[in-house]
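# Structure at a glance
Letter by letter, the chains look like this.
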Amino acid sequence: MSKPDPEELLTLALGVLPPLPCKVDVLSEDGGSFALAVSHTEEGVLHTFGPRDRMRKDLHLLARITDESRGGYEVEFEVLETFFHSGSETLAHVGVSGVRRRKMRRTAARIQTAEPATATVIFCRSHPRDTELEVRLADVSATGVAFTCAMPLDEGDMFLVRTRLSGEPVQMEARVIRCYPAPYDRFRVGCEITELDEHDRRVLTGLVQETPAGSIEQRNPEARERRKAVRSEAAGLGSRLRDSDQ
């Protein structure tokens, strides 16, 4: 198979990206994500501006673009040259190394679980690559996973999550899409699954099919935990009020 033509890739990317100038969030192979400002094209490359401490020559970046009418795409970039621009920004000439369509999947049914898991850093703003975090799953499906952990994580962070479900080892590559406080000084992290092999997909799909749908609270464990916390606080307040009346 012939190597894609750079001019053709650039044309495809310009058809996917918002009209220039624009800003897109990119994942970095060095870890984490940041906003890349794309100003214009010249001689087959994109002229961009990014954080000075995050940009370097030969760096590979990935942008996930979603358009309501055209669907989802992934655009891969390679930093070809960098130039000093300011104390905080670097001017970079960036080439397009790949453009591919993402399948837009409908949200799959998830099941509640409380299995322990290990989340190994692939890209992360707050932890070095290969750092292992001990987490606890909250729910899982063939397209997404949520877990709780002791510290907040950033949107765009990526992890390899390993656990056991129905006695079977399962691993998935997951990208953080939201993170918010949970009860008991924990954080709930919602992720989209970006890579899942066929065996693990069958395990997850089979588990979902075998598990009753349950109540809304069963499908939304963080809501259940918040209700527990509210009920506990209300019970404590009621007890204090009764004591004060005596």
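Worth saying up front: this structure is predicted, and the values here are computed from it rather than measured.

### A word on the pattern of salt bridges
Taken as a whole and judged by the stated rule, the model has 9 salt bridges. Two residues, Arg64 and Glu192, come together in a salt bridge whose shortest N-O distance is 3.9 Å. On the criterion of sequence distance, the pair formed by Arg64 in strand 4 (residues 60–67) and Glu192 in strand 13 (residues 186–195) is long-range, its members being 128 residues apart. Residue classification places Arg64 among the buried residues on the basis of a relative accessible area of 18%.

### Description of the nonpolar core
Across soluble globular proteins, nonpolar side chains have a tendency to be buried as a group. Counting 28 residues, the largest nonpolar core has Val145, Phe147, Leu153, Phe159, Val161 and Met172 as the members making the most contacts within it. The residues contacting Phe159, other than those within four sequence positions of it, are Ala119, Thr120, Val121, Ile122, Cys124, Leu133, Leu153, Met172, Glu173, Ala174 and Val176. Counting 24 residues, the second largest nonpolar core, distinct from the first, contains Leu10, Cys22, Met55 and Val79.

### Focus: helix 2 (residues 198–210)
For helix 2, spanning 13 residues, the distance from its first C-alpha to its last is 18 Å, which sits close to the expected 18 Å at 1.5 Å a residue. The set of residues buried in helix 2 consists of Asp200, Val203, Leu204, Gly206, Leu207 and Val208. Among the residues of helix 2, the N-terminal cap falls to Asp197, whose side-chain oxygen and the backbone nitrogen of His199 are separated by 3.2 Å.

### Notes on the confidence of the model for the chain
Of all residues in the chain, 80% have pLDDT values of 70 or greater, and the mean over the chain is 83. When pLDDT is averaged over each element of the chain, strand 3 (residues 45–51) comes out on top at 96 and helix 3 (residues 216–219) at the bottom at 40. Taken as a whole, residues 214–224 scores under 50 in pLDDT and shows 14 contacts with residues more than four places along the chain or in a different chain.

### Description of unusual backbone geometry
In this structure, Pro21 follows Leu20 across a cis peptide bond, with omega equal to -5 degrees. Assignment of secondary structure puts Pro21 in the loop between helix 1 (6–16) and strand 1 (22–28). Although it is not a glycine, Asp58 adopts a positive phi angle of roughly 75 degrees. Residue position: Asp58 is located in the loop between strand 3 and strand 4. Among the residues examined, Asp58 registers a relative accessible area of 41% and is labelled partly exposed. Despite not being glycine, Asp185 has its phi angle at roughly 60 degrees, a positive value.

Definitions and limits used
Residues numbered from 1 in each chain as written. Predicted model: local features only at pLDDT ≥ 70, side-chain atom pairs only at ≥ 80, totals over all residues. Heavy atoms only, no water. Salt bridge = Lys/Arg side-chain N within 4 Å of Asp/Glu carboxyl O. Helix = DSSP H or I, 4+ residues; strand = E, 2+ residues; numbered from the N terminus. Buried < 20%, exposed > 50% of the residue type's maximum accessible area, 1.4 Å probe, protein only. Core = buried A, V, L, I, M, F, W, Y, C linked by side-chain atoms within 4.5 Å. Contact = heavy atoms within 4.5 Å. Expected span 1.5 Å × (residues − 1). Polar contact = N/O pair within 3.5 Å; in protein donor to acceptor, adjacent residues only side chain to side chain. pLDDT = per-residue confidence, 0-100.

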